[in-house]
Protein chains: 2
Amino acid sequence: MTENPSPAAIKAWARLMRVSRQLLERAEDALKDAGLPPLAWYDVLHELAEAGEGGLRPFQLIERTLFAQYNVSRLLARLEADGLVEKLRVADDGRGQTVRITGKGREMRRRMWAVYGRSIAELVGARLSNNDLETLSALLGRLRHPAMPE
Amino acid sequence: MTENPSPAAIKAWARLMRVSRQLLERAEDALKDAGLPPLAWYDVLHELAEAGEGGLRPFQLIERTLFAQYNVSRLLARLEADGLVEKLRVADDGRGQTVRITGKGREMRRRMWAVYGRSIAELVGARLSNNDLETLSALLGRLRHPAMPE
DNA sequence: CCGATATAAATGCAGTTGCATCTATATAGA
DNA sequence: TCTATATAGATGCAACTGCATTTATATCGG
């Protein structure tokens, strides 16, 4: 009986896809206009900043960001080339490495957040009450895969 | 005062981006697994099917699908190469053309919908009640740009 | 009617993504 | 221990995207 989607499901799907694409594009444009790198960079810098001095293994970044493996590999190469992250050999696993954010990386993250955060505030925060935002988050949470208890 | 996003706004944004990406990827994978073309093809075929025999001008497709102009141009070239749409010179505007879906295009759309619709039913329809779906649609509707009255 | 500007659509080129594969190391099992 | 398999990460190549520009036609102002 999950064969054919109900009209309500189709509408919610369509809006979800359309709105998310639209808002994402707006946020990307804001960064671009400010001469800053794309959002993917922010996502990685954010995770690495949260991780602290210990850094993260690339495969951990993949889990957290949902980016594809090859994508992370190349993204890290670009971030390293720009001096925003550094790669460290890890002692107990010769295959891998640990990636750590640099001071320059933290600075870039800060500058990106100034723009990105403003986009979020404008595009979402200014349009729904806190209560509605909570409702939205809860509903979206139930669509996550794999489904996790709220 | 829309400077800094509230925690509720950040959370809603993060979920929106993450969930939409995840669900989109799932739907794309389902099509790929079935040996069918990507969702973008469906979007165009859908619009053209709705438009009927009169077809649509490429710029109308751009408005409806939110794809970039160059993207539509190339997508239509691929669809035409596969015989799914046909391009017709339009009498009263020598710059443009009208694009019409072919029988083969309708057939492809039908086959894609069999898979895509099932994805929507499973990923969204089976996870939220009709009532929650309506709520979700309404909240997302308020995030559209430009904002339109519900 | 004519030149300037605007709109429709296509395209060359550079950068990015996706796929498949490859290299290197680690772990498991005989 | 030695081989087989699994995991971490990088990469060659083809397809796709984004940007800027180009071509062609239409419209507007004088």
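Within every chain, residues take consecutive numbers counted from 1 along the sequence as written. Note on labels: chains are lettered from A, ligands numbered from 1, in written order. Residues qualify for local features only when their pLDDT is at least 70, as the model is predicted, and side-chain atom pairs are given and counted only at 80 or more; totals for whole chains, interfaces and linings, by contrast, use all residues. As a rule here, side-chain values come from all non-hydrogen atoms in the structure, and water together with hydrogens is ignored.

J.: Could you give an account of the overall build of chain A, with specific residues and numbers?
T.: Numbering goes from the N terminus for both helices and strands, where a helix is a DSSP run of H or I of at least four residues and a strand is a run of E of at least two. What chain A contains, in helices and strands, is six helices and two strands. When its helices and strands are written in sequence order, chain A yields α-α-α-α-β-β-α-α. The C-alpha extent of chain A, read off along each of the three principal axes, is 55 × 40 × 25 Å. Residues classed as buried in chain A amount to 45% of the 150 residues present. Summarising the internal contacts of chain A: among those between residues at least 6 apart in sequence, 53% fall at separations of at least 24. Areas reported as accessible are Shrake-Rupley estimates using a 1.4 Å probe. Residue values count occlusion only from the protein chains shown. Looking at chain A as shown, the accessible area adds up to about 7900 Å², and 49% of this sits on carbon and sulfur atoms. Two residue types count as positive, namely Lys and Arg, and two as negative, namely Asp and Glu; His and chain ends fall outside the count. All charge positions are set by atom: Lys at NZ, Arg at CZ, Asp at CG, Glu at CD. Of the charged side chains in chain A, 23 are positive and 20 negative, and the gap between their average positions amounts to 3 Å. Only protein chains enter the accessibility calculation, which uses a 1.4 Å probe; a residue whose area is less than 20% of its type maximum is buried, one above 50% is exposed, and one in between is partly exposed. Whether two residues are in contact is decided by their heavy atoms, any of which lying within 4.5 Å being enough.

J.: Describe the protein's contact with DNA strand D, and please don't skip the residues or the numbers.
T.: DNA strand D sits among 19 residues. The nearest are Lys32, Gln69, Ser73 and Arg74 of chain A together with Gly94 of chain B. In DNA strand D, the atoms that sit within 4 Å of the protein are 60% sugar and phosphate, with bases accounting for the remainder. Contact distances for DNA strand D include 2.8 Å between a base oxygen and a side-chain N or O atom of arginine 95 of chain A. In this structure, a phosphate oxygen belonging to DNA strand D sits 2.6 Å away from a main-chain N or O atom of glycine 94 of chain B. Broken down by secondary-structure element, the contributors of at least two residues to the surface near DNA strand D are α3 (58–65) and α4 (69–81) of chain A together with α4 (69–81) of chain B. Split by residue class, the surface near DNA strand D holds four nonpolar, six polar and nine charged. In this text, near means that some heavy atom of the residue lies within 4 Å of the molecule or strand in question. Polar contacts, as used here, are pairs of N or O atoms within 3.5 Å; protein pairs need one atom able to donate a hydrogen and one able to accept it. Residues neighboring in sequence count only if both atoms are side-chain atoms. Each residue gets one of three labels, nonpolar for Ala, Val, Leu, Ile, Met, Phe, Trp, Tyr, Cys and Pro, charged for Asp, Glu, Lys and Arg, and polar for the others, Gly among them.

J.: Which residues make up the relation of the copies chain A and chain B, and what values do they have?
T.: A least-squares fit on C-alpha atoms brings the copies together, and the residues used are those whose pLDDT is at least 70 in both copies. Superposition of chain A onto chain B requires a rotation of 180° combined with a translation of 0.0 Å along the rotation axis, giving an RMSD of 0.1 Å. Taken together, the rotation angle and the small translation identify this as a two-fold axis.

J.: Kindly report on the UniProt feature "domain: HTH marR-type" (unreviewed entry) in chain A, identifying the contributing residues and their values.
T.: UniProt positions are given in the numbering used here, feature names are shortened, and annotations may be inferred rather than shown by experiment. Per the UniProt annotation, the sites labelled "domain: HTH marR-type" (unreviewed entry) are residues 9–145 of chain A. The span residues 9–145 of chain A carries 69% helix and 7% strand; its end-to-end C-alpha distance comes to 17 Å.

J.: How would you summarise the packing of aromatic side chains if you had to cite specific residues and measurements?
T.: In this description, a pair of aromatic rings is defined by centroid distance and the angle of the planes. Stacked, edge-to-face and tilted labels apply to pairs of Phe, Tyr and Trp rings (six-membered ring for Trp) whose centres lie within 6.5 Å, assigned for plane angles under 30 degrees, over 60, and everything in between, in that order. Taken as a whole and judged by the stated rule, the model has eight aromatic pairs over all chains. Their ring planes at 25° and their centres at 5.8 Å tell us that tyrosine 42 of chain A and tryptophan 113 of chain A sit as a pair that is stacked. One end of the pair, tyrosine 42 of chain A, is in helix α2 (residues 39–51); the other, tryptophan 113 of chain A, is in helix α5 (residues 103–125), with 71 residues separating them in the sequence. Judged by its relative accessible area of 26%, tryptophan 113 of chain A is partly exposed. Here the aromatic residues Trp13 of chain A together with Tyr42, Trp113 and Tyr116 of chain B are joined through ring pairs into a cluster of three or more.

J.: Give a detailed account of the protein's contact with DNA strand C, specifying residues and quantitative values.
T.: Not every one of the 19 residues close to DNA strand C is listed here, only the nearest: Gly94 of chain A together with Lys32, Gln69, Ser73 and Gln97 of chain B. Each atom of DNA strand C within 4 Å of the protein belongs either to a base or to sugar and phosphate, the latter forming 59%. One of the side-chain N or O atoms of asparagine 71 of chain A is found 3.3 Å from a phosphate oxygen in DNA strand C. The separation between a base nitrogen of DNA strand C and a polar side-chain atom of glutamine 69 of chain B is 2.7 Å. Of all elements in the fold, only α4 of chain A together with α3 (58–65) and α4 of chain B reach the threshold of two or more residues within the surface near DNA strand C.

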